[in-house]
Amino acid sequence: MFNFCSDPSQLDGFYWLSCYLTTGKHMGFYASFGTVLLLLAITAPTALAFGFFGASAARSKVTPLRWFGKGYISVVRGVPDIAFFLFFIIALDQGIEYLRHKVKCSDWDQPIRQGNDFIVCDAAKMPLGSAPQWIHESYGFTLAVLTFAIVFGAFAANVLFGAMRAVPRAQIETAEAYGMTRKQSFWRILVPQMWVYALPGLSNLWMVLIKATPLLFLLGIEDIVYWARELGGTKTSRFTDYPHGDWRVWYFLFLLVFYLAFTKVSEIFLERLMIRLTHGQATTGGEAQRKAA
């Protein structure tokens, strides 16, 4: 069967562009959008879980646990995001390899830290050098997700901590007057009502998380920014069948449209969620709904 893309030099206009946009590298570019969406789908609930436990720890009556929760919030919030991203990726990777090295290579007689080099036995490397490429990519992606969750979990913890304090104390006192334990009032009264106070801050955090996804590029993952720079750069006939000038502006313009559209859809969803959460609540939004009804 004849393939009209077999000789790109003989193609003009639409056919050349259609062949160019369906190359293997462009397939990788399109798949990288799925990587970004998958990162958000996993990181958002994971960071929210980190934040919830961090906020709960920060208001605990157990002093060490309270110090841990407040320290987690303060330390991560006080350090630039990029520094934490780069630190955690290296620290987690080396920490995992160090533990594997201690278990699998107990007969190793050389220091692990040799000057600026971190050296472990081959059996302790993560992933193994013989592992397929998808294992390496999955491992790097997992580290990135965990790093994002730790960093944004601290911001979520600060938002949730403030939301917990915003719930009127009278609600908790009423629950206690009806005989509820501290645990029962926390789960049945405080937690259901705190979300309406937390959602504005969590909404902003979601937008920041979306804008932070290009940091995947700095973590060595082939995301949309990597492919936009790779495909948009000047290509000559010596290295490709589809030579072109510097097209990065068009690729990054496409990314701009993608992020704007994604944030707009998020705004619409979050606005509707806010209306639903404020229904019947003793808040400004809830009162506005009650009067409108």
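1. A look at the overall build of the protein
Now for step 1: Summing up its helical and strand segments, the protein has eleven helices and two strands in all.
Now for step 2: For the protein, the succession of helices and strands along the chain, N to C, is α-α-α-α-β-β-α-α-α-α-α-α-α.
Now for step 3: Its C-alpha atoms give the protein a radius of gyration of 25 Å, more than 25% over the compact-globule value 19 Å for 293 residues.
Now for step 4: Oriented by its inertia axes, the alpha-carbon framework of the protein measures out at about 80 × 70 × 35 Å.
Now for step 5: Residues classed as buried in the protein amount to 35% of the 293 residues present.
Now for step 6: Split by element, the accessible area of the protein, about 17800 Å² in all, is 63% carbon and sulfur.
Now for step 7: Averaged over its 26 positive side-chain charges, the protein has a centre that lies 15 Å from the centre of its 20 negative ones.

2. With respect to a nonpolar patch on the surface
Now for step 1: A cluster of nonpolar side chains, namely Val-249, Trp-250, Leu-253, Leu-256, Val-257 and Leu-260, defines an oily patch on the protein surface of about 630 Å² accessible area.
Now for step 2: Position of Leu-253 relative to the elements: it lies in helix H10 (residues 248-278).
Now for step 3: Judged by its relative accessible area of 40%, Leu-253 is partly exposed.

3. Comments concerning the side chain of Thr-43
Now for step 1: Mapped onto the elements of the fold, Thr-43 is located in helix H2 (residues 24-58).
Now for step 2: Residue classification places Thr-43 among the buried residues on the basis of a relative accessible area of 0%.
Now for step 3: Polar contacts involving the side chain of Thr-43 include one to the main-chain carbonyl oxygen of Leu-39, which spans 2.7 Å.
Now for step 4: Setting aside residues up to four positions removed in sequence, Thr-43 forms contacts with Val-145, Phe-148, Ala-149 and Leu-209.

4. Focus on the nonpolar core
Side chains of nonpolar character tend, in soluble globular proteins, to be buried together.
Now for step 1: Of all hydrophobic cores here, the largest spans 67 residues; its most connected members are Phe-29, Phe-148, Phe-152, Met-194 and Ile-224.
Now for step 2: A per-element tally of this core places helix H5 (residues 133-166) first, with 16 residues.
Now for step 3: Discounting chain neighbours no more than four positions away, the residues touching Phe-29 are Ile-224, Trp-227, Ala-228, Leu-231, Tyr-251, Phe-254 and Leu-255.
Now for step 4: Counting five residues, the second-largest nonpolar core is a separate cluster that includes Cys-105, Ile-112, Val-120 and Cys-121.

5. Here's the deal with the confidence of the model for the protein
Now for step 1: Overall, the predicted model of the protein reaches an average pLDDT of 82, with 90% of residues at or above 70.
Now for step 2: Ranking the helices and strands of the protein by mean pLDDT puts H2 first, with 90, and helix H11 (residues 284-292) last, with 51.

6. So, the packing of helix H7 (residues 182-212) against H10
Now for step 1: The geometry of H7 relative to H10 is characterised by a closest axis approach of 10 Å and an angle of 175 degrees between their N-to-C directions. Taken together, the axes of H7 and H10 are roughly antiparallel relative to one another. Taken together, the residues of H10 that come into contact with H7 (itself represented by Trp-195, Val-196, Leu-199, Pro-200, Ser-203, Trp-206, Met-207 and Ile-210) are Tyr-259, Phe-262, Thr-263, Ser-266, Glu-267, Leu-270, Leu-273, Met-274, Leu-277 and Thr-278.
Now for step 2: Taken together, the residues that form the contact of H7 with H10 break down as 13 nonpolar, four polar and one charged.

7. Looking at the packing of H2 against helix H9 (residues 224-232)
Now for step 1: At their nearest, the axes of H2 and H9 sit 8 Å apart, and the two run at 160 degrees to each other. What the angle tells us is that H2 and H9 run roughly antiparallel. Of the two possible hands of crossing, H2 and H9 adopt the one that is left-handed. Packed against H2, whose contacting residues are Lys-25, His-26, Gly-28, Phe-29, Ser-32, Phe-33 and Val-36, the element H9 presents Ile-224, Trp-227, Ala-228, Glu-230 and Leu-231 at the interface.

8. A word on H9
Now for step 1: The set of residues buried in H9 consists of Ile-224, Val-225, Trp-227, Ala-228, Leu-231 and Gly-232. When H9 is viewed along its axis, its buried side chains cluster within an angular range of 165 degrees and face the same direction.

9. Some thoughts on the environment of Asp-246
Now for step 1: Note that Asp-246 resides in the loop between H9 and H10.
Now for step 2: A C-alpha to C-alpha distance of 30 Å links Asp-246 and Met-207, two positions 39 residues apart in sequence.
Now for step 3: Apart from residues lying up to four places away in sequence, Asp-246 is in contact with Gly-232, Gly-233 and Thr-234.
Now for step 4: At a separation of 2.6 Å, a polar atom in the side chain of Asp-246 contacts the side chain of Arg-248.

Rules behind the numbers
- Sequence positions are assigned chain by chain, starting from 1 and proceeding in written order.
- pLDDT decides what is reported in this predicted model: residues at 70 or higher carry local features, side-chain atom pairs at 80 or more are listed and counted, and totals for whole chains, interfaces and linings draw on all residues regardless.
- Calculation of side-chain values draws on the structure's entire complement of heavy atoms; hydrogens and water are dropped beforehand.
- The secondary structure listing takes helices from DSSP runs of H or I that are at least 4 residues long and strands from runs of E that are at least 2 residues long, numbered from the N terminus.
- Throughout, radius of gyration means the C-alpha value; the globule benchmark is 2.2 Å times the number of residues raised to the power 0.38.
- The buried label applies to any residue whose accessible area, calculated with a 1.4 Å probe on protein chains only, is under 20% of its type's maximum; exposed applies above 50%, and partly exposed to all values in between.
- Surface exposure here means Shrake-Rupley accessible area, sampled with a 1.4 Å probe, where a residue is shielded only by the protein chains that are shown.
- Charged residues are defined here as Lys and Arg on the positive side and Asp and Glu on the negative side; His and the ends of the chain fall outside this count.
- We put the charge of a Lys on NZ, of an Arg on CZ, of an Asp on CG and of a Glu on CD.
- To count toward a patch, a residue needs a relative accessible area over 30% and no salt bridge; like charges are then connected within 9 Å, while nonpolar side chains (Val, Leu, Ile, Met, Phe, Trp, Tyr) are connected within 5 Å.
- Salt-bridge detection follows one rule: a side-chain nitrogen of Lys or Arg within 4 Å of a carboxyl oxygen of Asp or Glu.
- Under the rule applied, a polar contact is a pair of N or O atoms within 3.5 Å (in protein, one hydrogen donor and one hydrogen acceptor; residues adjacent in sequence only if both atoms are side-chain atoms).
- Note on contacts: a residue pair is in contact if any heavy atoms of the two residues lie within 4.5 Å.
- Only buried Ala, Val, Leu, Ile, Met, Phe, Trp, Tyr and Cys residues count toward a nonpolar core, and they belong to the same one when joined by side-chain atoms within 4.5 Å.
- A score from 0 to 100, pLDDT tells how confident the predictor is in each residue.
- To obtain an axis, a line is fitted to C-alpha atoms, over the contacting stretch when the element is a helix, and the angle between two such axes runs from 0 to 180 degrees between their N-to-C directions.
- Any angle that falls under 35 degrees is termed roughly parallel, while one over 145 is termed roughly antiparallel, one within 65 to 115 roughly perpendicular, and all others oblique.
- Charged means Asp, Glu, Lys or Arg here, nonpolar means Ala, Val, Leu, Ile, Met, Phe, Trp, Tyr, Cys or Pro, and polar covers whatever is left, Gly included.
- Should the near helix be turned anticlockwise from the far one by less than a right angle, the crossing is termed left-handed; should it be turned clockwise, right-handed.
- For this quantity, the arc is that covered by the directions from the helix axis to the C-beta atoms.

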